[in-house]
Amino acid sequence: MGLSLSPEQFTRLEQAIARVFEVADFGTVLERYPGRGEPSTFLPANPNGSRLDVASYCLKEVDKEGTLLPFLSRVVEHKWGQETFRWAILGQVRSLARPANDIAPETAPIIAALKGLADFPFNASSGTCVVAKVCQLWQGKALFDGKPADTAFLKDRIGEIIQSLDQFEAIKIVHDSLHVLQVKGAEWLDPGEMNVDATLPLSLLTATVDSVRQAAIEQKPRVPLAIADVCQRCTDTAVDANKRLTSSDADNRDFGLAQLRALLVAEPPHLDQAMFELSRDLPIKQLRALLEAAADCNAQVSEPARSAIDALDRLSDSMRAHILEHALWQATEVHIRAAAQFLSHPGPRFLADFSPEWTAVRRNLLTLVDSPTDGTPAIDAGVNAALVLYERALPTPSVAAPPGPSTEECLRLLVVAFVEFRQKARLDFLAVDQTLKSVFSTLLPLRPPLQALTERLPFFCVH
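Residues numbered from 1 in each chain as written. Predicted model: local features only at pLDDT ≥ 70, side-chain atom pairs only at ≥ 80, totals over all residues. Heavy atoms only, no water.

## Quick word on the overall build of the chain
Stage number 1. Across its full length, the chain carries 19 helices and two strands.
Stage number 2. When burial is assessed residue by residue, the chain has 49% of its 463 residues classed as buried.
Stage number 3. The contacts of the chain with a sequence gap of at least 6 include a subset with a gap of at least 24, amounting to 77%.
Stage number 4. Carbon and sulfur atoms provide 55% of the accessible area of the chain, an area that totals close to 21,500 Å². (Helix = DSSP H or I, 4+ residues; strand = E, 2+ residues; numbered from the N terminus. Buried < 20%, exposed > 50% of the residue type's maximum accessible area, 1.4 Å probe, protein only. Contact = heavy atoms within 4.5 Å. Areas by Shrake-Rupley, 256 points an atom, 1.4 Å probe, with all protein chains shown as cover.)

Take a look at the structure:
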């Protein structure tokens, strides 16, 4: 969980956080991150200090603890909707949204430790318990983060993890079905980008749409309540759109495509937000406390527990990075889509409308995509070059037209470059999406041993 920053980076982070964080925001983040800090210990005693003083004090305490990376992950996700703030944080710590792809999240040590703890043999009638610290924590007879713990509190938190893992899986299945539709149906669903007939047969498009319907129906009972409406809209839209797509009336088919476009714009952000919130609120701190209690017990459970604590820290950091990377790609796709709309219907203010969207895309790509080292052009190079040519070709009053391609030809070249860029970006996003699904899949085997703990731990012994 270590992170090394220069003094200049540290200062810029303090200033960025101080601009948007109130004292209560620090308390929220301290509750979520996996360290031991609390407002009473990691915030200054003087409540009248400036917000910069509060940010500086808190970051220094977290840095001393060695948990700066997971803390900053929760800082940026806490105010994720503020794009300028997001850029300010990710601009200093790119690794927050760039998981180490060569390090797979480890769940095996965590599963082994939890399973060993749940299966640990004991003799309740002997009056002794060699995992007493675990039992005390679970039964409310020990301190948890300096406060009295109770059985319901810790048991409920473990139950939340079990439920969240199930909901993660369900949301991701629905999300995947929409992403597959977006990628496979691009020729049908991206108006104005390609003036050629779609090569994907209509039957395959309707089959893909039906897959959205099936996923939404099957997963609706498993998703959080707030997402049930999303599943219903996916179901209703898929059914109606497929009826229209197979109609003999061209206007009806166009309306069906418009329905699907609107669905792909409206619903993925809701699904991403739900995954984001589930991940954000996952009580990792409480699970870590349980493993720490086991690490202080009998050697048969303590050694696996110590390995599990390290693995949990790495898993938590990796999962956060994958989720932030996916969320940043999703935010980038919003700007790409807006830019595509301006290219499809360039008006008198085309450049003024297109440029801010493209600037936002390029800024996010600085975090998301590595610069090529083999001389290959960057993913956005073609659009950047075409945009320069277009700007040069724009007419200036009382000035002769510049030599070279006309404004209309330059705009056509810009459209071609943008279509090529968008196809590459989609493939990159799809790879990130599939990796995130894989990460979630590795978490699912945690459910059985966690469930076993909730069923057995309260009955280990009586103190």
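## A closer look at the pattern of salt bridges
Stage number 1. Taken as a whole, this structure holds 28 salt bridges when the rule is applied.
Stage number 2. For Arg-36, the salt bridge goes to Glu-292, with nearest N and O atoms at 2.3 Å. In this pair, Arg-36 sits in the loop between helix 2 (23-32) and helix 3 (39-42) while Glu-292 sits in helix 14 (residues 284-295), placing the two residues 256 residues apart along the sequence.
Stage number 3. By relative accessible area, Glu-292 is classed as buried at 19%.
Stage number 4. Glu-61 is the partner of Lys-64 in a salt bridge, and the nearest nitrogen-oxygen pair spans 3.0 Å. In this pair, Lys-64 and Glu-61 are both assigned in helix 4 (residues 51-65), three residues apart and thus about one turn of the helix distant.
Stage number 5. Its relative accessible area of 17% is what places Glu-61 among the buried residues.
Stage number 6. Among the charged side chains, a network of salt bridges with common partners joins Arg-36, Arg-288, Glu-292 and Asp-313. (Salt bridge = Lys/Arg side-chain N within 4 Å of Asp/Glu carboxyl O.)

## A few points about the environment of Thr-376
Stage number 1. Topologically, Thr-376 is positioned in the loop between helix 16 (350-368) and helix 17 (381-393).
Stage number 2. There is a polar contact of 2.7 Å between the side chain of Thr-376 and the side chain of Asp-374. (Polar contact = N/O pair within 3.5 Å; in protein donor to acceptor, adjacent residues only side chain to side chain.)

## Overview of the nonpolar core
Stage number 1. By size, the foremost hydrophobic cluster in this structure holds 133 residues, and its most contacted members are Ile-17, Phe-71, Phe-354, Phe-418, Phe-421 and Leu-450.
Stage number 2. In terms of residues, this core owes the most to one element, helix 15 (residues 299-344), which gives 17 residues.
Stage number 3. When residues no more than four places from it in sequence are discounted, the contact partners of Phe-421 are Ile-336, Trp-358, Val-361, Leu-365, Ile-379, Asp-380 and Val-383. (Core = buried A, V, L, I, M, F, W, Y, C linked by side-chain atoms within 4.5 Å.)

## As for helix 11 (residues 202-219)
Stage number 1. Here helix 11 is 18 residues long and its end C-alpha atoms lie 26 Å apart, about the 26 Å a rise of 1.5 Å per residue gives.
Stage number 2. When we look at burial in helix 11, the residues that qualify are Leu-205, Thr-206, Thr-208, Val-209, Val-212, Ala-215, Ala-216 and Gln-219. (Expected span 1.5 Å × (residues − 1).)

## Let's talk about the packing of helix 16 against helix 17
Stage number 1. One way to put it is that helix 16 packs onto helix 17 with a least axis distance of 12 Å and a crossing angle of 155 degrees. As summarised for this structure, helix 16 and helix 17 are arranged roughly antiparallel, according to the angle between their axes. For helix 16 against helix 17, the interelement crossing comes out left-handed. On helix 17, the residues touching Phe-350, Leu-351, Phe-354, Trp-358 and Arg-362 of helix 16 are Val-383, Asn-384, Leu-387, Tyr-390 and Glu-391.
Stage number 2. Considered class by class, the residues forming the contact of helix 16 with helix 17 number seven nonpolar, one polar and two charged. (Axes fitted to C-alpha atoms, helices over the stretch in contact; angles between N-to-C directions. Parallel < 35°, antiparallel > 145°, perpendicular 65-115°, else oblique. Left-handed = near helix turned anticlockwise from the far one by under 90°. Nonpolar A, V, L, I, M, F, W, Y, C, P; charged D, E, K, R; others polar.)

## Some words on the environment of Asp-272
Stage number 1. Take Asp-272: it is sitting in helix 13 (residues 250-281).
Stage number 2. In this structure Asp-272 comes out as buried when scored by relative accessible area, which is 10%.
Stage number 3. Residues Asp-272 and Gln-330 lie 58 residues apart in sequence; the distance between their C-alpha atoms is 8.1 Å.
Stage number 4. Contact partners of Asp-272, with chain neighbours within four places excluded, come to His-175, His-326 and Gln-330.
Stage number 5. Within polar-contact distance, the side chain of Asp-272 engages the side chain of His-175 at 3.2 Å.
Stage number 6. Side-chain polar atoms of Asp-272 contact the side chain of His-326, separated by 3.3 Å.

## So, the packing of helix 5 (residues 68-78) against helix 15
Stage number 1. It is at 10 Å that the axes of helix 5 and helix 15 come closest, and there the two elements cross at 30 degrees. The angle between helix 5 and helix 15 places the two elements in the roughly parallel class. Judged by the twist between their axes, the crossing of helix 5 over helix 15 is left-handed. Of helix 15, the residues touching helix 5 (which contributes Leu-69, Pro-70, Ser-73, Arg-74, Val-76 and Glu-77) are Ser-316, Asp-317, Arg-320 and Leu-324.

## Here we look at the environment of Lys-60
Stage number 1. Along the chain, Lys-60 falls in helix 4.
Stage number 2. Owing to a relative accessible area of 41%, Lys-60 belongs among the partly exposed residues under this scheme.
Stage number 3. The contact partners of Lys-60, leaving out residues within four places of it in the chain, are Phe-10 and Glu-14.
Stage number 4. One polar contact links Lys-60 to Ser-56, side chain to side chain, over a distance of 2.8 Å.

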